[in-house]
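What the coordinates show
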Amino acid sequence: MNEKAVKLLEFPAIMQTVADYALSEEAAEILRNTKPAGDTNTAITLKLLVQQYYTLIKDDDSSPKKTLPVIHTIIPKLKVEGSTLELEEALALGLFIERSIEIFEWIESHAEARRRGVNFPAPPRLRVSSLSTEIFRIITRDGALRDLPCFRDIKRRISHTRQSIENLFAQYTNSDYTQMLQSTVPTQRDGRTVLAVKINFRGRIRGIVHEVSQTGQTCFIEPEEAVQLNNDIVVFQKELDAEIRRVLRELRAKLGAHYDEIKTLHEKTIELETIRARARWTKDTKAVFAEDAQTIQLHNAKHPLLKKPIPIDFIMNAETHAVIITGPNTGGKTVALKTLGLFAMMNQVGLGIPAKEGSSLPFFDNIFADIGDEQSIEQSLSTFSAHMANIALIMQQSTAQSLVLLDELGSGTDPQEGSSIAMAIMDSLLDKKASVIITTHHGALKHYAYTRAGVENACVDFDASTLSPTYRIVMGLPGESRALEIAQRNGLDTSTVNKAHDYLAGEQTDLSALIKELENKRRAFEKELTEQKTRESRLKEQGRKNDLWELRLKQKENELRKEGLSSFKKLLSEARSSLENLVRELKEKGGNIEREDTLRVKEFLRSLEAQTEAEEEKLSENPPLSLPRKGGGATGTSSSPPLAGGAGGGAAWGPELAPGIQVKIIPSGKRGRVMRLEKKATKKTPAQWLVEIGSVKMALPENELEAISDDAAQNPLATSSVQIASYDLSNDTKAQPELKLLGIREKEAIELLQKQIDAAVLQGLNYFAVVHGKGNGILQKAVHEYLKKDPRVADYYFSRPETGGFGRTEVVLKN
């Protein structure tokens, strides 16, 4: 890979951040020196390995994360016959072997991951796990030597001798000799125990003088009695050191027998650690792996080294071999160029790129770049000359599989000549079919893109209202340099800018005017396209809501009709049973009932049964409704009726909502009466209406209310079972076995209860039940207060739980 491009695109800075993720300094060093692979197969294989390991850790990274010691300088020593390992070297080998095996075993344990397609290559089955056990048999994990049997006899003799030395020296430090000593604590000189004696008493203690202090006030004397003991310590220590060297030499021999396996484990582990670091970096930076393709597609791409990068989009399809990016200075052209080149290099070392899913990149055999000021005083090169020297080298080395990035091509010299040279360079690179991306301010190159096949214009967008770049890349259109606007924005006085406009007006080419016209049309088109998409989205959403609303209403209508029929049939059954019981009781008591009256009542019940059966047949003819198809209405439904425009623009069917209108509450199916408009509708919320439901008043949103026509309100088969019971009782003087007061206002409920008691007394019915519901307890309390005051009531109490509990009261009348 081209070294100059690697440096210009700041690739080493990226690899330094990746190296920080390595758990081995050896792997980190390799990563810092990594260059993008120029061989496609190598790059593809490396990327696949990183992707496979990323698959293992992307959801839950439980992989081993212990640091791997540096052992590349220790491994060659294992082959040297007669050499001895140091304790720290043995420790490093033991930890590396142990931790490496942990990593590979963790990978192999992920059977589930392998079933998902992960097939990370592991090294050959190694027989080195026992070697780490052998190492840690001799030393601890802190690097200290263990107390082996071969050391114990020597250590015992050393310990015994040192105890004798301590006893001997205690005779000097705990006697009359104390006044002769500078310190009562014995000290060491050259590994021998000595006394610190005051210089003027040196003749009082017989022995060997080892040293005199720099002040001349103290001499260090080894007493005669201690000489042999100190000699023994030296001998024993030498024996111990020799035994330790023997043990470590034998350990080196055992490890050396597995030299090739240890070397292979080391190489594979370091290689794996470079892959693991890449995968962890990709995971932590939330990068994605670019898809392998022949097109360059970057979506929401962010330069990874910028603190606040602005995302860019860039597309270069397979038919396009060159893209010419134009636009104002500081507009982001060079950053876009660097981002493209850096992403290509990152892709070829197996790294993810900071972009959105769906981004794609080809593999290149080489990546070239000419970016920035290349002026060289040492080589006597001007900026233009330096650029030409670099570009000449690029033209010699580039191929059809190369990516060439040229910043400000043709700049630094006469504009006409610079444009001509730039177009000639483009011709040469296009003949090679290399992938070329350049930035320029030359107007001739903008025209070149329209006249040469395989070349496309692009520009960095500029906001004329704020005189500032948006850093967005627009494909297919050239851009203007906007030099005058930028100069004025950066402090150039207005009069100078106006003069520049006058000079420009006389020389402005038709191409510049065409560019402005194209830019204005593009902006208008994008605005219209955005508005059109918004309108389409809004209409689709409204259509979906309408379909669901219609379906909900139809389903609720069917549910209510079935509920009403079910309750009505239950009422018929109860009424027939009660009627027959009543007739039987009256006959038993000698009551006088005309046969015509009985036949008339039975005829009435039969007619109700006939109506019920007819309604059931209608229901059976209507198939169950299903959810609407995508893009269409509900299956099996007619076209939706228009929505009534209630006070808040709501969605009530049939009559508009207004005070006094009867309504059905859609979520609960209950009925009520509209009192007044509580709150007008806003853009975000529907109107709120105050609705009276029985004795309860509550504010409800308009979209939960359905206005009921007068016919529907008066049709008992279209109402709930509560209203059927109320209707029957209010128009019939006969008492019912069970009085249902659900959903009725308190005043009306008490009137019905009074009529029920009157009828029960007249008919001789001493027992009946009142269904008042639980709710807030208002109706329950009113019923009990009335029963308590009525002298005809002997007793009342709540029903058993299985028959209604606190929502039902059983009443016993006096005989």
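Residues numbered from 1 in each chain as written. Predicted model: local features only at pLDDT ≥ 70, side-chain atom pairs only at ≥ 80, totals over all residues. Heavy atoms only, no water.

Our focus in this paragraph is helix H22 (residues 778-789). A rise of 1.5 Å per residue sets the reference length of H22, with its 12 residues, at 16 Å; its end C-alpha atoms lie 17 Å apart and thus fit the reference within 8%. Those residues of H22 not exposed but buried are Leu779, Gln780, Ala782, Val783, His784, Tyr786 and Leu787. Packed against the buried residues of H22 are helix H21 (746-763), strand E21 (767-771), strand E22 (793-798) and strand E23 (808-813). (Helix = DSSP H or I, 4+ residues; strand = E, 2+ residues; numbered from the N terminus. Expected span 1.5 Å × (residues − 1). Buried < 20%, exposed > 50% of the residue type's maximum accessible area, 1.4 Å probe, protein only. Contact = heavy atoms within 4.5 Å.)

Here we take up the sheet that holds strand E1 (residues 187-189). Read across the open sheet, the four strands follow the order E1-E2-E4-E3; overall the sheet is antiparallel. Each having just a single partner strand, E1 and strand E3 (207-212) make up the two edges of the open sheet. Across the sheet, the axes of successive neighbouring strands diverge by a mean angle of 50°, strand direction being ignored. In this sheet, strand E4 (residues 218-223) lies alongside E3 in antiparallel orientation, the contact comprising five bridges. Each residue of the ladder has a partner; that of Glu211, found in E4, is Phe220. Across the sheet, helix H8 (residues 149-173) touches strand E2 (192-198) and E4, and the angle it forms with E2 is around 5°. Against the sheet, helix H9 (residues 224-256) contacts E2, E3 and E4, and its axis sits at roughly 75° relative to E4. (Pairing = 2+ DSSP bridges. Axes fitted to C-alpha atoms, helices over the stretch in contact; angles between N-to-C directions.)

On to the packing of helix H5 (residues 87-108) against helix H7 (residues 129-138). In contact at an axis separation of 9 Å, H5 and H7 are set at 145° when each is read in the N-to-C sense. For the element pair H5 and H7, the recorded crossing hand is left-handed. Contacts between H5 and H7 pair Ala90, Leu91, Leu93, Gly94, Leu95, Ile97, Glu98 and Ile101 from the former with Ser129, Leu131, Ser132, Ile135 and Phe136 from the latter. (Left-handed = near helix turned anticlockwise from the far one by under 90°.)

Here we take up the pairing of strand E12 (residues 435-439). A large share of E12 lies buried, amounting to five of its five residues. Of the strand pairs in this sheet, strand E11 (residues 402-406) and E12 are connected by four bridges, and their pairing is parallel. Within E12, the residue paired with Leu405 across the bridge is Ile437. Once the chain exits E11 it traverses helix H13 (residues 415-431) before rejoining the sheet at E12, and the crossover so formed is right-handed. (Right-handed = clockwise from strand over helix to strand, strands pointing away.)

With that settled, the discussion passes to the confidence of the model for the protein. When pLDDT is low, close inspection of the predicted coordinates is not appropriate. Mean pLDDT for the protein: 79, with 77% of residues reaching 70 or above. When the elements of the protein are averaged for pLDDT, helix H20 (residues 721-730) gives the smallest value, 34, and helix H2 (residues 11-19) the largest, 95. Low pLDDT, under 50, characterises residues 375-381; the predicted model gives this stretch six contacts beyond four residues in sequence or across chains. Counted against residues more than four places away or in other chains, residues 710-732, with its pLDDT under 50, gives 32 contacts. (pLDDT = per-residue confidence, 0-100.)

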